[in-house]
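Residue-level structure breakdown
Listed here are the chains, written in short residue letters.
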Amino acid sequence: MSATSDELRYVYAVCRPLDAPLAADLTGVGGVPPRQLNHEGLVALVGPVPARDFAEEPLRAHLEDLDWLSETARAHQRVIGALTSVTCPLPLRLATVFRDDSGVRAMLQDGAERFWRILDRIDGCVEWGVKVHMESPDHSSDNRSSDNRTSGGHSSDNRSSDNRSSDKQSSATAGGAAPEKPLSGRDYLRLRRQQRTAQDEGWKRAEAFAQRLHEELSRHADDARLHAPQNSSLSDTPGRNILNAAYLVPRAHSEEFVELVDATKDEDAAGLTVELTGPWAAYSFTGDDVESGGGAGRSR
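1. As for the pairing of strand β3 (residues 42–50)
- Taking burial as the measure, the 9 residues of β3 include 8 buried ones, the bulk of the element.
- The turn joining strand β2 (residues 35–39) and β3, which pair antiparallel and follow one another in sequence, is formed by 2 residues; a positive phi near 50 degrees is taken by Glu-40.

2. Topic: the pairing of strand β1 (residues 7–15)
- Counted residue by residue, β1 has 9 buried out of 9 residues, so it is predominantly covered.
- Sheet topology note: the β1/β3 ladder contains 8 bridges and is antiparallel. Bridge pairing links Val-11 to Val-46 in β3.
- Note: β1 against strand β4 (residues 90–91), 2 bridges, orientation antiparallel. The residue of β4 that forms the bridge with Val-14 is Leu-90.

3. With respect to the environment of Glu-127
- Structurally, Glu-127 can be placed in strand β6 (residues 125–134).
- Residues in contact with Glu-127, not counting those within four places in the same chain, are Ala-246, Tyr-247, Gly-278, Pro-279, Trp-280, Ala-281, Ala-282, Tyr-283, Ser-284 and Phe-285.
- From its side chain, Glu-127 meets the backbone nitrogen of Ser-284 in a polar contact 2.7 Å long.

4. What about the environment of Asp-53?
- In this structure, Asp-53 sits in helix α1 (residues 51–54).
- Residues Asp-53 and Glu-7 lie 46 residues apart in sequence; the distance between their C-alpha atoms is 9.6 Å.
- Each residue touching Asp-53, except ones within four places of it in the same chain, is listed here: Pro-58, Leu-59, His-62 and Trp-68.

Scoring rules and cut-offs
- Residues numbered from 1 in each chain as written.
- Predicted model: local features only at pLDDT ≥ 70, side-chain atom pairs only at ≥ 80, totals over all residues.
- Heavy atoms only, no water.
- Buried < 20%, exposed > 50% of the residue type's maximum accessible area, 1.4 Å probe, protein only.
- Helix = DSSP H or I, 4+ residues; strand = E, 2+ residues; numbered from the N terminus.
- Pairing = 2+ DSSP bridges.
- Contact = heavy atoms within 4.5 Å.
- Polar contact = N/O pair within 3.5 Å; in protein donor to acceptor, adjacent residues only side chain to side chain.

Structure below.
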């Protein structure tokens, strides 16, 4: 394909030559199928994009447009996902563009040592993500406290006179036991302290569980990476994020890894949710700051 002045090259990923073809109907950014650009044993997956959208100034403006950004990210991930099904790619940042094919070849040439080092590190592997969430007890605790405070109080005043008579008869039958009194201020504060203590103990148990799980999963992975806990407002899973980790797992052992994670799902009954995502391209293991063997790691 010849380059034109109003057309740039969008680069999705760098990889080894493919052993199997990509799907014929695969499209990337702008609805255009990606193609392979080879240079000295490395392959860049590229596609043409209009300069009016991806040149420096318009791109800066587009990155503030959430709709445009989401559409572009979905197209980018669609290509990376398809590529991951046939090889172990090194995905590049969203909206990595060059002026023409020569610029892409220069990128492959200049970064060859780094690219080969990373491709060797992730060869034959995919990334699995594991999160542990703990349900917050605040809402249910507040509801229980509210129920306790109103028991025998305002809610009883709203009952019909017939119901009150029936209650009196039941009390007499039971030996004249007095109705439950509302909580005093002192009792309420003591209840809240007990709830806070129980909550603190729950967090400690959750963190201990997450640590044990991470250590166990790391032993079944080539490498592991801990990420900062995810903000609960950005997650579809309610509760506090206790563990947010990524694991570099050989494809051949992925089924074993998934079964290992599934075996922990019994912990959900204790207020814990274990979330598994993947398999992904090895996003967490392609940076220069990631050293092989960062986790416990399996022997290969």
